[in-house]
Structure formats: structure tokens, C-alpha cells
Amino acid sequence: MPRAIISPSVLASDFGQLTAECKRMIKGGAEWLHMDIMDGHFVPNITMGAPILSCVYKGVPDIFMDCHMMVAQPEKWVNDIADAGGSLYCFHIEATSDAVSLINAIHARNMKAGVAISPDTPSTAITDEIGAAADMLLVMTVYPGRGGQKFLERCVPKVAELRARFPEKDIEVDGGVGPKTIDVCANAGSNVIVAGTAIFGAPNPEDVIASLKATVTTAQARFSK
């Protein structure tokens, strides 16, 4: 099973100090930064786009930007996000009719490709072909569109189903994840953990990052037996 990765969600950060906030998270032990890109169409909210990512990349050149594309036409933004320094481009399967071609386009721009499913989408929507082509699979544990929502435990069995089919893939969970909900996610097989408020709102974010990572690593040891 792949290693534990913590990806703090910048949606919970101080956007006025975005570069400094990303540096603070990396210093605290975060390997990835989860960038929530919303277009006001696929989800009823607008956050940031390529120009902001580009500014962050200039300020933090070694950053791994885990770009969660909550957008209606994911095909349209691959080049812009790649040019802005995006490392991983994760689109929603509900927003495209040809996931494999989109994955190929993302790979052509030297980014990792992720496929996300919303709470009402079954894990079987990620076919064996799509899952094999992707680098990461994202199970949303809240409805996409805004931060601070309550964790939906009914989504967790989808993580287990995907882990059974794709034992070596990165599987990410996003939404309402923190110290109180990490156990169920880790035990189902997720290794990439997105947490926003739980990390950015903590007095000592590095302690939360270390704790989340340790929980995933412990769960992984059970999987490898």
C-alpha cells in the first residue's frame, strides 16, 4: 500500500497570506497542499484559479500542488494549471464523458492525474480502466463546494471498495476529516488525507499533521500483513 501523505486544504487558510500559509504547512510536515479550484458552475462557489496558483508557485517553488478541480469543463483548464505549476490535476468524474482521454491529456503535461467522486456517486463509476490509468482516486466525504461541512461516514465503504481493487493506488479522502474521523478513513484504506480546519485552525498544526500521518501509517501496517 502506498505511503501516508497529508495534504492540508488551503480553503481553510488565510487567503490574504496564502504563500506564507503554504510555507507554514510545509514546515509543519505537509508534503502536499490541497488547492480547491471552484468555478461557480460545477459547484455554487468560486475560489481561485491558475493566476493564484502561479503566484504561490513562484513563492514556494518546491510545492506539490494537489489541485482539486471542482469545475464543469475539466478538459478546459489542464494547460493553465500545468503552466501555473500544478503537480496533480484531480477532476470530477461527474464532469466529464471521457475520463481516460482527460487522464492522458493531464499526463501529457507532466502532471499526476486524479479522479474524484462526489458523495452520491458510487465507487463503481471509477471503472477498472479509469482507475488503472489514474494516479490517485479521491473519495469526497462531504459535498464539494465549501469547507467546514460535517463528515459523511456513509462514503467510507467506497474507500474500501476502491482499495480492494487498486491496492497500490493513492486513495485520498476529502471533507470533514480530522483527528476524530481519521481512524475510519485510514482503516478503510485511504493513504492521502485532506484536512482543512482541523489543521489550519489548530494551535500547533505540525502536531495534527504528525498525528494524522501516524494513524494512516499504523492502519497501513495492518493492510500489509
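You'll find the structure just up there.
Residues numbered from 1 in each chain as written. Predicted model: local features only at pLDDT ≥ 70, side-chain atom pairs only at ≥ 80, totals over all residues. Heavy atoms only, no water.

A. Just the environment of K150, in detail. If you trace the backbone, K150 turns up in the loop between β6 (136-140) and α6 (156-165). Taking the C-alpha atoms as reference points, K150 and G175, 25 residues apart in sequence, are found 7.5 Å from one another. Other than its neighbours up to four places away in sequence, K150 contacts T141 and V142. (Helix = DSSP H or I, 4+ residues; strand = E, 2+ residues; numbered from the N terminus. Contact = heavy atoms within 4.5 Å.)

B. A look at the layout of surface pockets. As a volume, the largest pocket reaches approximately 420 Å³. Considering the residues around the largest pocket, the lining is formed by 27 residues, among which G148, G175, G176, G196 and T197 are closest to the centre. Its residues placed into classes, the lining of the largest pocket shows 12 nonpolar, 11 polar and four charged. (1 Å grid on protein atoms, 1.4 Å probe; cavity = no way out; pocket = protein on both sides within 12 Å on 5 of 7 lines; lining within 4 Å. Points joined across faces, edges and corners; volume = space filled by probe spheres on them. Nonpolar A, V, L, I, M, F, W, Y, C, P; charged D, E, K, R; others polar.)

C. Fine view of the sheet that holds strand β3 (residues 65-70). One open sheet accounts for eight strands, arranged β1-β8-β7-β6-β5-β4-β3-β2; its pairing is parallel. Each edge of the sheet is formed by a strand with only one pairing partner; in this case those strands are β1 (5-8) and β2 (33-38). The mean inter-strand angle of the sheet, taken between neighbouring strand axes irrespective of direction, is 25°. Of the strand pairs in this sheet, strand β5 (residues 112-117) and β6 are connected by four bridges, and their pairing is parallel. Bridge pairing in β6 links G114 to M136. Its contacts with the sheet place helix α2 (residues 50-59) against β2 and β3, and it is angled at close to 175° to β3. Relative to β1, helix α9 (residues 205-223) is tilted by about 140°, and along the sheet it contacts β1 and β8 (192-195). (Pairing = 2+ DSSP bridges. Axes fitted to C-alpha atoms, helices over the stretch in contact; angles between N-to-C directions.)

D. The arrangement of the pairing of β2 in detail. With six of its six residues buried, β2 lies for the most part within the structure. In this structure, β2 lies alongside β3, joined through six bridges in parallel fashion. Along β3, the bridge assignment pairs D36 with H68. Each parallel crossover has a hand, and for β2 linked through α2 to β3 it is right-handed. (Buried < 20%, exposed > 50% of the residue type's maximum accessible area, 1.4 Å probe, protein only. Right-handed = clockwise from strand over helix to strand, strands pointing away.)

E. Seen up close, the side chain of S13. Relative to the assigned elements, S13 resides in the loop between β1 and α1 (18-27). A polar atom in the side chain of S13 sits 2.7 Å from the backbone oxygen of V10. What S13 contacts, discounting residues up to four positions off in sequence, is L18, E21 and F200. (Polar contact = N/O pair within 3.5 Å; in protein donor to acceptor, adjacent residues only side chain to side chain.)

F. Just the packing of α1 against α2, in detail. Viewed as axis vectors pointing N to C, α1 and α2 meet at an angle of 55°, and their least axial separation amounts to 9 Å. Considering the angle they form, α1 stands oblique to α2. Taken as a pair, α1 and α2 cross one another with a handedness that is right-handed. For the pair α1 and α2, contact is made by L18, T19, C22 and K23 and by I52, C55, V56 and G59, respectively. (Parallel < 35°, antiparallel > 145°, perpendicular 65-115°, else oblique. Left-handed = near helix turned anticlockwise from the far one by under 90°.)

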